Amino acid sequence: MLLPYTGRFAPSPSGPLHLGSAVAAVASYVDARAHAGRWLVRIEDLDTPRVVPGATDIILQQLRTLGMFADGEILHQSRRLSAYQAAFDQLLSLNYVYPCSCTRREIADSVLRLQGELPEGERPYPGTCRQGLSEGRQGLSWRLRVPEGSVSFKDRWLGPMSQDVSQTVGDFVIKRADGIWAYQLAVVVDDAAQGVTDIVRGEDLLSSTARQQQLAAMLDYPVPRVLHVPLVTDLSGLKLSKQNNATALDLAQPLEILQKSWELLGFERLKATNIEDFWARATPVWVQRLSRANLHGIN
Ligand code: GLU
């Protein structure tokens, strides 16, 4: 019997979908179909400096053109600020968060002193403000007190994973210095509010999973299963992203986009004649792929 399933696709409207995001959308949609589940769309538009006007409408149109229709209202994170505040208040009352006055520069300097040179992005927060703000300093952001120890989970595509957030990331920001709720908090609050059972997304977010699972546990939310699909890179091996100007999808040939995404997921092209036929053929192939993974103890 199939378990209840709710999946989601959660694009940030910093530009139209490109092939990389199409691959993640295709994987999440086919996984929901394979489980006869619901598939939701959430627009992650909190990071206002990066929101591009008009991008949301284009993304929603792109999804429809590719034959992906949401089973329910589209959720816009920018309309959910009170939900994030409520979760924050809960964390605050449990003393799981604290204000931090550190600037980026200060964090980089103290990490260098403590640990020698580390590449950008791999510098755990050294915990400067954990015991309280220094005299005369003002809180800029808010951080979560990350518990020690490893978080282990099974990725339905990649297999067993483990990360010690306290060692690799440290206490992470849940409210930014510019007052914007951090992605990590919003994603966890919304996945719980939308009853998401299964997160299917690109591998670039694998490193956020342990953080999100820790946060979900602290808020007493159920922890969704995860599946991360390989990232699409350009010829020089860089992740395709809106930041490095990946070209928007050419929707004059939506079937071709689906076929390309499917190939990038490691499957052979399907003998599909139209969009609907593509989804009908893709679903059993995906089920087969998942049951193979099951045999290997991945599910
Ligand atoms: N909004 C994120 C992005 O576009 C995805 C968030 C998620 O799937 O958890 O990269």
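Right above here is the structure, for reference.
Just so it is clear, the model here is predicted, and its values are computed rather than measured.

**Some remarks on the site of the ligand**
Part 1 of the argument: Taken together, R8, A10, P11, S12, E44, Y183, V187, R201 and L205 form the complete shell of residues around the ligand.
Part 2 of the argument: For the ligand, a nitrogen atom lies 2.7 Å from a polar atom in the backbone of A10.
Part 3 of the argument: At a separation of 2.6 Å, a nitrogen atom of the ligand approaches a polar side-chain atom of E44.
Part 4 of the argument: Look at the ligand: alone it shows 300 Å² of surface, and the protein chains cover 79% of it.

**Considering the pairing of strand β9 (residues 198-202)**
Part 1 of the argument: Of all the five residues making up β9, five are buried; the element is thus mostly covered by neighbouring parts of the structure.
Part 2 of the argument: Here strand β1 (residues 6-9) pairs with β9 via two bridges, running parallel. By the bridge assignment for β9, R8 is matched with I199.
Part 3 of the argument: Pairing of β9 with strand β10 (residues 225-229) involves five bridges; the strand directions are parallel. Residue pairing in the sheet places I199 in a bridge with V226 of β10.

**A short note on the sheet that holds strand β8 (residues 173-175)**
Part 1 of the argument: As summarised here, the arrangement of the three strands in space is β4-β5-β8, forming an open sheet in which the pairing is antiparallel. Where the open sheet ends on each side, the last strands, each with one partner, are β4 (97-100) and β8. The sheet shows a mean angle of 45° between the axes of neighbouring strands, taken without regard to direction.
Part 2 of the argument: Pairing between β4 and strand β5 (residues 141-144): four bridges, direction antiparallel. Residue pairing across strands places C100 opposite S141, the latter belonging to β5.

**Section: the environment of P224**
Part 1 of the argument: Along the chain, P224 falls in the loop between α7 (206-218) and β10.
Part 2 of the argument: For P224, a relative accessible area of 16% gives the class buried.
Part 3 of the argument: Distance from P224 to A192, taken between C-alpha atoms, is 8.4 Å for residues 32 residues apart in sequence.
Part 4 of the argument: With sequence-adjacent residues up to four places away left out, P224 is seen in contact with V196, T197, D198, I199 and Q213.

**Side note on unusual backbone geometry**
Part 1 of the argument: Within the chain, A36 stands out as a residue other than glycine whose phi angle is a positive 50°.
Part 2 of the argument: Among the secondary structure elements, A36 is positioned in the loop between α1 (19-34) and β2 (38-43).
Part 3 of the argument: Phi angles above zero are rare outside glycine, and N95 is one such case at about 60°.
Part 4 of the argument: With respect to the secondary-structure elements, N95 resides in the loop between α3 (81-93) and β4.

**Focus on the packing of helix α6 (residues 183-193) against α7**
Part 1 of the argument: Contact geometry of α6 with α7 gives a least axis separation of 9 Å together with a crossing angle of 60°. Classified by the angle their axes make, α6 and α7 are oblique. Judged by the twist between their axes, the crossing of α6 over α7 is right-handed. Contacts between α6 and α7 involve Y183, Q184, L185, V187 and V188 on the former and, on the latter, S208, R211, Q212, L215 and A216.
Part 2 of the argument: Of the residues assigned to the contact of α6 with α7, the class counts are six nonpolar, three polar and one charged.

**Let's talk about the nonpolar core**
Part 1 of the argument: L63, M68, W262, L265, W279 and W286 are the most contacted members of the largest nonpolar core, which totals 41 residues.
Part 2 of the argument: Secondary structure elements with two or more residues in this core: α1, β2, α2 (55-65), β10, α8 (254-264) and α9 (275-295).
Part 3 of the argument: Broken down by element, the residue count for this core peaks at eleven residues, all from α1.
Part 4 of the argument: With residues up to four places along the chain from it excluded, the contact list for W286 reads A27, V30, D31, A34, W157, L227, W262, L265 and F267.
Part 5 of the argument: Among the nonpolar cores identified, the runner-up in size contains 30 residues, and A87, V165, W181 and V189 belong to it.

**Focus on the packing of α3 against α6**
Part 1 of the argument: Orientation of α3 relative to α6, taken along the N-to-C sense of each, is 100°, at an axis distance of 10 Å. Taken together, the axis directions place α3 and α6 in an arrangement best described as roughly perpendicular. Contacts from A83, Y84, A87 and L91 in α3 reach L185, A186, V189 and D190 in α6.

**Digging into the state of the cysteines**
Part 1 of the argument: Taken as a whole and judged by the stated rule, the model has zero disulfides.
Part 2 of the argument: Of all cysteine sulfurs in the structure, the one in C102 sits closest to C100, which takes part in no disulfide; the separation is 3.8 Å.
Part 3 of the argument: With a relative accessible area of 0%, C100 lands in the buried category.
Part 4 of the argument: The thiol of C129 is not disulfide-bonded; the next cysteine sulfur, from C102, is found 3.7 Å away.

What counts, and at which threshold
- Residues numbered from 1 in each chain as written.
- Predicted model: local features only at pLDDT ≥ 70, side-chain atom pairs only at ≥ 80, totals over all residues.
- Heavy atoms only, no water.
- Near = heavy atom within 4 Å.
- Polar contact = N/O pair within 3.5 Å; in protein donor to acceptor, adjacent residues only side chain to side chain.
- Areas by Shrake-Rupley, 256 points an atom, 1.4 Å probe, with all protein chains shown as cover.
- Buried < 20%, exposed > 50% of the residue type's maximum accessible area, 1.4 Å probe, protein only.
- Helix = DSSP H or I, 4+ residues; strand = E, 2+ residues; numbered from the N terminus.
- Pairing = 2+ DSSP bridges.
- Axes fitted to C-alpha atoms, helices over the stretch in contact; angles between N-to-C directions.
- Contact = heavy atoms within 4.5 Å.
- Parallel < 35°, antiparallel > 145°, perpendicular 65-115°, else oblique.
- Left-handed = near helix turned anticlockwise from the far one by under 90°.
- Nonpolar A, V, L, I, M, F, W, Y, C, P; charged D, E, K, R; others polar.
- Core = buried A, V, L, I, M, F, W, Y, C linked by side-chain atoms within 4.5 Å.
- Disulfide = S-S within 2.5 Å.

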